[in-house]
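So you can see what is in the structure, the chains are spelled out below.
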Amino acid sequence: MENIYDIRKQKQLQFIFPDQLSASVPSWGLLRSCAVVVNLYYAEKAAWYCTYLNLLPEEIVLYIFSSNRKTLEQARKHCTHRNTIFLEKENRGRDLSAFLVAFRPYLTKYRLVCFLHDKKEHNLMGKKDADIWNENLWGNMIGTEKYVYNILGCFEENPGLGMLFPPEPLGEHKIAWYRVSWGNNFPECVRLAQRMDLSADISSTKPPITLGSVFWTRTEALAKLFEMDWQYEDFPEEPMPLDYTISHAIERIFGYVAQDAGYDVGTVMTERYASWSLLFLQDYVRKMFYELSRRTGVESFHHMRIFDAEDRVWDYVRTHKKFYLYGAGKFGIILLKLLREKKVEPAGFLVTDGRKTQEQAEGLKIYELTEARHAAAEGAGIVLTAYWPLRDEMIRELEKNGFVDFITLFDDRE
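Residues numbered from 1 in each chain as written. Predicted model: local features only at pLDDT ≥ 70, side-chain atom pairs only at ≥ 80, totals over all residues. Heavy atoms only, no water.

Draft legend 1. Structural context of the overall build of the chain. When you go through the chain residue by residue, the secondary structure sums to 15 helices and 14 strands. Expected size for 414 residues packed as a compact globule is a radius of gyration near 22 Å; at 28 Å, the chain overshoots this value by more than 25%. Counting only C-alpha atoms, the chain reaches 85 × 40 × 40 Å along its principal axes. Of the roughly 20,000 Å² of accessible surface on the chain, 50% is carried by carbon and sulfur atoms. Taken as two groups, the 52 positive and 58 negative side-chain charges of the chain have centres that lie 3 Å from each other. (Helix = DSSP H or I, 4+ residues; strand = E, 2+ residues; numbered from the N terminus. Rg over C-alpha atoms; globule rule 2.2 N^0.38 Å. Areas by Shrake-Rupley, 256 points an atom, 1.4 Å probe, with all protein chains shown as cover. Lys, Arg positive; Asp, Glu negative; His and termini not counted. Charge placed at Lys NZ, Arg CZ, Asp CG, Glu CD.)

Okay, here's the thing in structure tokens:
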């Protein structure tokens, strides 16, 4: 079974929709089978969230839950969506108890549900990122009436699609795009999956896609989660720990529950957010490669292939008192810099006879193969730094000159 992260990439389950209608208007029956469920806590932000909720198609039922009566008052004041139900919940379990406990009695009425919640950044350094994340969550889930139509049309056109999430958060302090992002929550998520008897590929080396509880879902896709019969007491009391709780495990398990039910999961965003995120990433990738190039010589994703071989090369050179790098090109220079970071110095560069154009590179002497034949008898190791097809020619030259103890930096033929 494949991982949902890989399936999303293979099937291109990342949807980008305009604010304007890109398909036909959903039928009245489909709209009436949908609910938008919201948990609000912060009274001072209720009016801002209602600007989104007021744009929902009027046929869709809106449920607003809160454990804060003042917040419910603000929501009633600012929410003009005519088909809205306001409900108070217990102050435990935050947004997840709103969805899994408070909303559960109404679940069977609906085929499709969108779940949303508010957020507040208490760290001023992360406020800009939090504002972007809020736009990500709410704008990419219910941006406009016609955008919601587009999402519903996507589910209609893709019967194998079970859930749609907002894209992983971006920002100066957000790292979800750049690493696996399980935090300390992988073991707890695995335990929860075992309790639910899920058939899904949950891997610590693959990102969970879902890093929160905001999504569109077919109710069938989460049947096993609701069968757990959640109660408020199942969730930690306030103040909730920052990590490693059942709540954090649930936030990451949604996609795997859908996979167990036989559905794919994907992400969805507005055209405006897609444009912003592309420009943001382009700018930051440029900055990252500038630093990589300055420090290591790595200038492209192709050059980054060298990091896959770094541990293998390190294991090899540690077993040799003396070794050379065969090839003084780009990869040879990058490897030299990486080795020097570990305080390891090769005996020199080797090049094929007749290919020597300079005496040294990066302060390291360059030898033609025939100049270094004695090294073969002395048991020196060789790290061949070129890739196919030049690599095969270099192997023949090594063997012709008596070198038999060598490894190649790249083992594939790409």
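Draft legend 2. Looking closely at the pattern of salt bridges. Under the defined criterion, the tally for this structure stands at 26 salt bridges. Here Arg 286 ties to Asp 283 by a salt bridge, and the two come within 2.9 Å at their closest N and O atoms. Pair noted here: Arg 286 and Asp 283 are both in helix H11 (residues 271–296), with a separation of three residues, about one helical turn. As a salt-bridge pair, Lys 322 and Glu 378 come within 3.6 Å of each other at their nearest N and O atoms. A residue pair is termed long-range when its members are at least 10 positions apart, and Lys 322 in the loop between helix H12 (306–317) and strand S9 (323–326) and Glu 378 in the loop between helix H14 (373–377) and strand S13 (381–384) qualify at 56 residues. What makes Lys 322 partly exposed here is its relative accessible area of 33%. Each of the salt bridges in this network shares a partner with another, and the network as a whole consists of Lys 356, Glu 359, Lys 365 and Glu 371. (Salt bridge = Lys/Arg side-chain N within 4 Å of Asp/Glu carboxyl O. Buried < 20%, exposed > 50% of the residue type's maximum accessible area, 1.4 Å probe, protein only.)

Draft legend 3. Structural context of the packing of helix H3 (residues 46–53) against helix H4 (residues 69–78). Running from N to C, H3 and H4 cross one another at 40°; their axes reach a closest spacing of 9 Å. In terms of axis orientation, H3 runs oblique to H4. When the axes of H3 and H4 are compared, the crossing they make is right-handed. Of the residues in H4, those touching H3 at Ala 46, Ala 47 and Cys 50 are Thr 71, Gln 74, Ala 75 and His 78. Across the contact of H3 with H4, the residue classes break down as four nonpolar, three polar and no charged. (Axes fitted to C-alpha atoms, helices over the stretch in contact; angles between N-to-C directions. Parallel < 35°, antiparallel > 145°, perpendicular 65-115°, else oblique. Left-handed = near helix turned anticlockwise from the far one by under 90°. Contact = heavy atoms within 4.5 Å. Nonpolar A, V, L, I, M, F, W, Y, C, P; charged D, E, K, R; others polar.)

Draft legend 4. Quick look at the sheet that holds strand S3 (residues 61–66). Taken together, the eight strands give an open sheet; going across it, the order is S1-S8-S6-S7-S5-S2-S3-S4, and neighbouring strands pair in mixed fashion. Single-partner strands in this sheet number two, and they are strand S1 (14–17) and strand S4 (84–88). For this sheet the average axis-to-axis angle between neighbouring strands, irrespective of direction, equals 20°. The sheet contact formed by S1 and strand S8 (residues 264–270) spans four bridges and is parallel. Opposite Gln 14, over in S8, you have Thr 267 as the bridge partner. Contacting S3 and S4, H4 runs over the sheet at an angle of about 170° to S4. Lying on the sheet, helix H6 (residues 127–142) is in contact with strand S2 (34–39), strand S5 (112–117), strand S6 (161–165), strand S7 (215–218) and S8; it crosses S5 at an angle near 155°. (Pairing = 2+ DSSP bridges.)

Draft legend 5. Structural detail: H3. Among all positions in H3, only Ala 46, Tyr 49, Cys 50, Tyr 52 and Leu 53 are buried. Down the axis, H3 shows its buried residues gathered within 150° of arc, on one side only. (Arc of directions from axis to C-beta.)

Draft legend 6. Local environment of the pairing of strand S10 (residues 348–351). Here S10 shows two buried faces, one formed by Gly 348 and Leu 350 and the other by Phe 349 and Val 351. Note that S9 and S10 share three bridges and pair parallel. What sits directly across from Tyr 326, in S10, is Leu 350. Each parallel crossover has a hand, and for S9 linked through helix H13 (residues 330–341) to S10 it is right-handed. Pairing of S10 with strand S12 (residues 364–368), which is carried by three bridges, proceeds in the parallel orientation. When the sheet's bridge partners are listed, Phe 349 is paired in S12 with Ile 366. (Right-handed = clockwise from strand over helix to strand, strands pointing away.)

Draft legend 7. Region of interest: the packing of aromatic side chains. Enumeration according to the criterion identifies 29 aromatic pairs in this entry. Arranged with centres 4.5 Å apart and planes meeting at 45°, the rings of Tyr 49 and Trp 138 form a pair that is tilted. Pair noted here: Tyr 49 is in helix H3 and Trp 138 is in helix H6, with a separation of 89 residues, a long-range link. Across the pair, Trp 138 and Tyr 49 agree in class, each one buried. Members of the aromatic cluster, connected to one another through ring pairs, are Tyr 63, Phe 65, Phe 99, Phe 103, Tyr 106, Tyr 110, Phe 115, Phe 165, Phe 215, Phe 226 and Phe 254. Here the basic side chain of Arg 305 rests over the ring of Phe 410, its NZ or CZ set 4.5 Å away from the ring centre. (Phe/Tyr/Trp six-rings, centres within 6.5 Å; stacked < 30°, edge-to-face > 60°. Lys NZ or Arg CZ within 6 Å of the ring centre and 35° of its normal.)

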